[in-house]
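Structural characterization, general
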Amino acid sequence: MLISNTYAQATNTAQAAGGTELASFLPLILMIAVLYFIMIRPQMKRAKEHKAMVEALSKGDEVITGGGIAGKVTEVGDNFIQVEIAANTVVAAQKQTITAVLPKGTLKAL
């Protein structure tokens, strides 16, 4: 008599716990969704915009490098570009280090 009562109680507890397993994972799933929309998705969007900007670089564009050097693009290669930072001073920079493309005529104002 005692064994069957204990067995019946264990079965009811197992059934009740089965319903709460999903409920215990719900906050974790919600946190992952919030993390995706707050951190991961905007970062992917910025990376996509940067890639499009780098691919659209052309001769004559005025750019700023990751190191803060402003100059005019004189030659565009596959991985590197030539940037004129002063009269008769040209440096090579990786395309990926370009952080911004400036409007035309900005360098003259600096």
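Let us look at the structure shown here.

How each quantity is defined
- Throughout this document, residue positions are counted from 1 along each chain, in the order its sequence is written.
- This being a predicted model, a pLDDT of at least 70 is required before a residue's local features are given, and a value of 80 or more before pairs of side-chain atoms are given or counted; all residues contribute to the totals for chains, interfaces and linings.
- To get the side-chain values, take all heavy atoms of the structure and skip hydrogens and water.
- Think of a patch as exposed residues, more than 30% relative accessible area, with no salt bridge, where like charges cluster within 9 Å and nonpolar side chains (Val, Leu, Ile, Met, Phe, Trp, Tyr) cluster within 5 Å.
- All accessible areas in this document rest on Shrake-Rupley with a 1.4 Å probe, and a residue is counted as covered only by the protein chains that are shown.
- Every case where a carboxyl oxygen of Asp or Glu lies within 4 Å of a side-chain nitrogen of Lys or Arg is listed as a salt bridge.
- For helices the rule is a DSSP run of H or I covering at least 4 residues; for strands it is a run of E covering at least 2, with both sets numbered from the N terminus onward.
- In what follows, a contact means two residues having at least one pair of non-hydrogen atoms within 4.5 Å.
- A 1.4 Å probe rolled over the protein chains alone gives each residue an accessible area, and that area as a share of the maximum for its type sets the label: buried under 20%, exposed over 50%, partly exposed in between.
- Residues adjacent in sequence count toward polar contacts only when both atoms are side-chain atoms; beyond that, a polar contact is any pair of N or O atoms within 3.5 Å, and within protein one must be able to donate a hydrogen and the other to accept it.
- Whether two strands pair comes down to DSSP finding at least two bridges between them.
- Note on definitions: angles span 0 to 180 degrees between N-to-C directions of axes, and those axes are lines fitted to C-alpha atoms, for helices only across the stretch in contact.

Here's the deal with a nonpolar patch on the surface
- A contiguous nonpolar surface patch, about 790 Å² in accessible area, is contributed by Val34, Leu35, Tyr36, Phe37, Ile38, Met39, Ile40 and Met44.
- The topology assignment puts Leu35 in helix α1 (residues 2–55).

Topic: the side chain of Asp61
- Mapped onto the fold, Asp61 is located in the loop between α1 and β1 (62–65).
- Residues contacting Asp61, with those up to four places away along its chain left out, are Ala56, Gly71, Lys72, Val73, Val101 and Lys104.

Side note on the environment of Thr97
- Note on placement: Thr97 falls in the loop between β4 (89–94) and β5 (98–102).
- Assessed through its relative accessible area of 30%, Thr97 is described here as partly exposed.
- C-alpha of Thr97 to C-alpha of Ile64: the two residues are 33 residues apart in sequence and 8.6 Å apart in space.
- Excluding anything up to four places from it in sequence, Thr97 contacts Ile64, Thr65 and Gly66.
- Within polar-contact distance, the side chain of Thr97 engages the backbone oxygen of Gln94 at 2.7 Å.

Observations concerning the pairing of β4
- Pairing analysis gives six bridges linking strand β3 (residues 80–86) to β4, with the strands arranged antiparallel. Note on β4: the bridge partner recorded for Glu84 is Val90.
- Counting the residues in the hairpin turn of β3 and β4 gives two residues, including Asn88, whose phi is positive at 60°.

Describing the sheet that holds β1
- Pairing is antiparallel across the open sheet formed by five strands, whose spatial order is β4-β3-β2-β1-β5. Looking at strand neighbours, the two that pair on one side only are β4 and β5, the edges of this open sheet. Across the sheet, the axes of successive neighbouring strands diverge by a mean angle of 45°, strand direction being ignored.
- With four bridges joining them, strand β2 (residues 70–76) and β3 adopt antiparallel strand pairing. Counted as the bridge partner of Glu75 is Gln82 from β3.

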